[in-house]
Amino acid sequence: MKALSINNLSKTYGNGFKALEQISLDVEQGDFFALLGPNGAGKSTTIGVVTSLITKTSGTVNVFDTDLDENAELAKSYIGLVPQEFNFNGFEQVKHILITQAGYYGMPASDAEPRANELLKQLGLWEKRHTPSRALSGGMKRRLMIARALVHKPKLLILDEPTAGVDIELRRSMWTFLRRINKEGTTIILTTHYLEEAENLCRNIAIIDKGEIVENTDMKSLLNRL
Ligand code: ADP
Ligand code: ADP
């Protein structure tokens, strides 16, 4: 089963800029997959299209065999997204953010409450559960974004540059956490411009540059060639 299948995907922005040109990519269920490329390569655009935040120009995207053009809502329900930028209501309390998110997915309060508590504990945010998110440190905000993305138990977790600007200690603890949930069955795709991160975490990798996939292979073969 493929978690994600992208075929001949192109995106031209309103100003005429071609951010993606005919990219194709498959990610198997259970994989830990890196989309590596320099700034401006098209990583966020790809993630945006897959999560239905950006409209594509042409091509097809399937998430667990659901075509975005046929049922974007179902496809979206399979995905948890950790965006690059913090986008919380800063006045909302940490735990409440998770409960609100669960509500978007129609999760009953009796399920949302224990799920939020579980994630807060796993991600070291339990002590901060009543704190407004604007009072959190940068590292805690990142962990909160991961918790929020996982509330509805998505089969596919997508992280856009998850450790950009994160100190080494938090980076390592995030890596440990991501490895664990991947082992437990969640397919993970992350974007990074940082080979060390891909190398440490990922089994398969695609390299994107100027809107084109220039390499798509398993991590071991890539490292053997470098
Ligand atoms: P679409 O083609 O998806 O409708 P638009 O071209 O209308 O997208 O742009 C969407 C938003 O992105 C606009 O608010 C625009 O200001 C912003 N934007 C424009 N250029 C860039 C850029 N180079 N990088 C990031 N955002 C941009
Ligand atoms: P990455 O995530 O790899 O840094 P992006 O997907 O954000 O790359 O951007 C790819 C290219 O598309 C960049 O050159 C960026 O400036 C451009 N771009 C992104 N958003 C828009 C937009 N809304 N309108 C026009 N150009 C954009």
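Refer to the structure printed above.
Here the structure is a predicted model, which is why all the values come from computation and not from measurement.

Caption draft 1: Quick peek at the environment of Val49. For Val49, the location among the structural elements is in helix 1 (residues 43-50). With relative accessibility at 1%, the residue Val49 sits in the buried group. Each C-alpha atom of the pair Val49 and Lys183 lies 27 Å from the other, and the pair is 134 residues apart in sequence. Once residues within four sequence positions are removed from consideration, Val49 is found in contact with Leu9, Ile54, Lys56, Val61 and Leu68.

Caption draft 2: Spatial organisation of the site of ligand 2. Neighbouring ligand 2 are the residues Tyr13, Asn15, Phe17, Ala19, Pro38, Asn39, Gly40, Ala41, Gly42, Lys43, Ser44 and Thr45. Contact distances for ligand 2 include 3.4 Å between a nitrogen atom and a side-chain N or O atom of Tyr13. Between ligand 2 and Ser44, the relevant distance is 2.7 Å, taken from an oxygen atom to a main-chain nitrogen or oxygen of the residue. Considering ligand 2 on its own, with 570 Å² of exposed area, one finds that the protein chains cover 64% of that surface. With 3 residues, the top contributor of residues to the shell around ligand 2 is helix 1. Residue composition of the shell around ligand 2, grouped by class: 5 nonpolar, 6 polar and 1 charged.

Caption draft 3: Structural context of the site of ligand 1. All residues adjacent to ligand 1 are Lys11, Tyr13 and Gly14. Separating an oxygen atom of ligand 1 from a side-chain N or O atom of Lys11 is a distance of 3.0 Å. Residue Gly14 places a main-chain N or O atom 3.0 Å away from an oxygen atom belonging to ligand 1. Look at ligand 1: alone it shows 570 Å² of surface, and the protein chains cover 23% of it.

Quick notes on the rules
Residues numbered from 1 in each chain as written. Chains lettered and ligands numbered in written order. Predicted model: local features only at pLDDT ≥ 70, side-chain atom pairs only at ≥ 80, totals over all residues. Heavy atoms only, no water. Helix = DSSP H or I, 4+ residues; strand = E, 2+ residues; numbered from the N terminus. Buried < 20%, exposed > 50% of the residue type's maximum accessible area, 1.4 Å probe, protein only. Contact = heavy atoms within 4.5 Å. Near = heavy atom within 4 Å. Polar contact = N/O pair within 3.5 Å; in protein donor to acceptor, adjacent residues only side chain to side chain. Areas by Shrake-Rupley, 256 points an atom, 1.4 Å probe, with all protein chains shown as cover. Nonpolar A, V, L, I, M, F, W, Y, C, P; charged D, E, K, R; others polar.

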